[in-house]
Amino acid sequence: MHLPIRPRRNRQSPAIRDLVRETELTPGHLIYPLFLQEGSENTPIASMPGCTRWSIPGLVKEAGEAHALGVPAVVLFPRIPDELKTRGAEACHADDGLVPRAIRALKSAHPTLTVITDVALDPYNSDGHDGLVADDGRILNDETVAVLCQQALCHARAGADIVSPSDMMDGRVAALRAALDAVGFQAVSIMSYTAKYASAYYGPFRGALDSAPKAGDKKTYQMDPANSREALREAALDEAEGADILMVKPAGPYLDIISKLRASTTLPIAAYQVSGEYLMIKAGAAGGWIDETKIMNESLIGIRRAGADMILTYFAKQWSASWR
Ligand code: PBG
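Residues numbered from 1 in each chain as written. Predicted model: local features only at pLDDT ≥ 70, side-chain atom pairs only at ≥ 80, totals over all residues. Heavy atoms only, no water.

> Can you break down helix 2 (residues 56–68) residue by residue, with the values?
Note: α-helices contain 3.6 residues per turn, so residues at a spacing of three or four share the same orientation. Here helix 2 spans 18 Å end to end across 13 residues, near enough to the 18 Å set by a 1.5 Å rise per residue. Those residues of helix 2 not exposed but buried are Ile56, Gly58, Leu59, Val60, Glu62, Ala63, Gly64 and Ala66. Those residues of helix 2 hidden inside the fold are in contact with strand 1 (30–36), strand 3 (52–54), strand 4 (73–78), helix 3 (98–109) and helix 11 (316–322). Sitting at the amino-terminal end of helix 2 is Ser55, which places a side-chain oxygen 3.1 Å from the backbone nitrogen of Gly58. (Helix = DSSP H or I, 4+ residues; strand = E, 2+ residues; numbered from the N terminus. Expected span 1.5 Å × (residues − 1). Buried < 20%, exposed > 50% of the residue type's maximum accessible area, 1.4 Å probe, protein only. Contact = heavy atoms within 4.5 Å. Polar contact = N/O pair within 3.5 Å; in protein donor to acceptor, adjacent residues only side chain to side chain.)

Quick look at the structure:
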């Protein structure tokens, strides 16, 4: 054939493939979500093989190991004992609560580790919703935002670097920014769950924390998986309200959303490879049907290629231990 243009020339050796590679993934792009619980036990999570609900000492050790491998940040998810759960979720802003104690322990053991916290009521709420629930079952927006502000301030007082509202209430980014600034926490960042979809991929996570809603679903606040223009609307609002980082969640099934947000904002974009995405890879590999390491790598590079600057992933430590 007379073919002056042959794209395969750029794929002909590992060296040339290195030179032309467009997307990079390093441990520095990863955020490690970690589960924690009261007491001294570290409990393997049945619904998420390879993940553990850590005691505070176990959490400090695990975070330190990931940080030593180059992972810059962790995000914390607590399992709150049932007796502390209330309809007002008051335990979410107790200064001696599990999360503030964990933040203080992490920051004193690993001063260079960035500590991110989840701001939402579901672990603390006896109704299992991210917001307060009215007697008629409605999720109350403005009342919830007031509690989220108290929760974020509690995390900031304990030393959190970034607060990350995952609740999808309207107006919470502006309210959090104002609440933080009013008391001198200008340096605390907000990573907003901008486009968080009402997804079945969160199932294993809710099993890990016993945080599934007691009644109804999350469709009046989390987004409809059929929508993408709505993600741009949420992004414009979060940006105007002062978010520092915008997040898309889940990641793998929503690569088009990551890509659209990337094109529409100059802010950094985070993507959350959620529990169901993780579990499907683990389960496929456990059955001997797929190559775990290769699929892990491909799933993460795909999320980066779509436009995510950073990825929240349960693979953060495993990937960082094996990437070179
Ligand atoms: C709740 C929250 C959820 C996740 C992170 N924060 C679950 C939900 O919205 O029901 C899911 C994470 C995952 O599935 O890995 N505020």
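> Any details on the nonpolar core? Residues and values, ideally.
One finds Phe35, Val74, Leu76, Leu106, Met191, Ile258 and Tyr272 to be the most contacted residues of the largest nonpolar core, which totals 100 residues. Examining the composition of this core, we find that eight residues originate from one element, helix 4 (residues 141–158), more than from any other. Sequence-distant contacts of Leu76, defined by excluding residues within four places in its chain, comprise Leu34, Leu36, Leu59, Ala102, Ile103, Leu106, Val115, Ile116 and Asp118. (Core = buried A, V, L, I, M, F, W, Y, C linked by side-chain atoms within 4.5 Å.)

> Outline empty space enclosed by the protein, supporting the account with residue identities and numerical values.
Enumeration over the complete set of coordinates arrives at one cavity of 30 Å³ or more. Estimated volume of the largest cavity: approximately 160 Å³. For the lining of the largest cavity, the secondary structure elements donating two or more residues are strand 9 (189–196) and helix 6 (203–209). Its residues assigned to classes, the lining of the largest cavity shows eight nonpolar, three polar and seven charged. (1 Å grid on protein atoms, 1.4 Å probe; cavity = no way out; pocket = protein on both sides within 12 Å on 5 of 7 lines; lining within 4 Å. Points joined across faces, edges and corners; volume = space filled by probe spheres on them. Nonpolar A, V, L, I, M, F, W, Y, C, P; charged D, E, K, R; others polar.)

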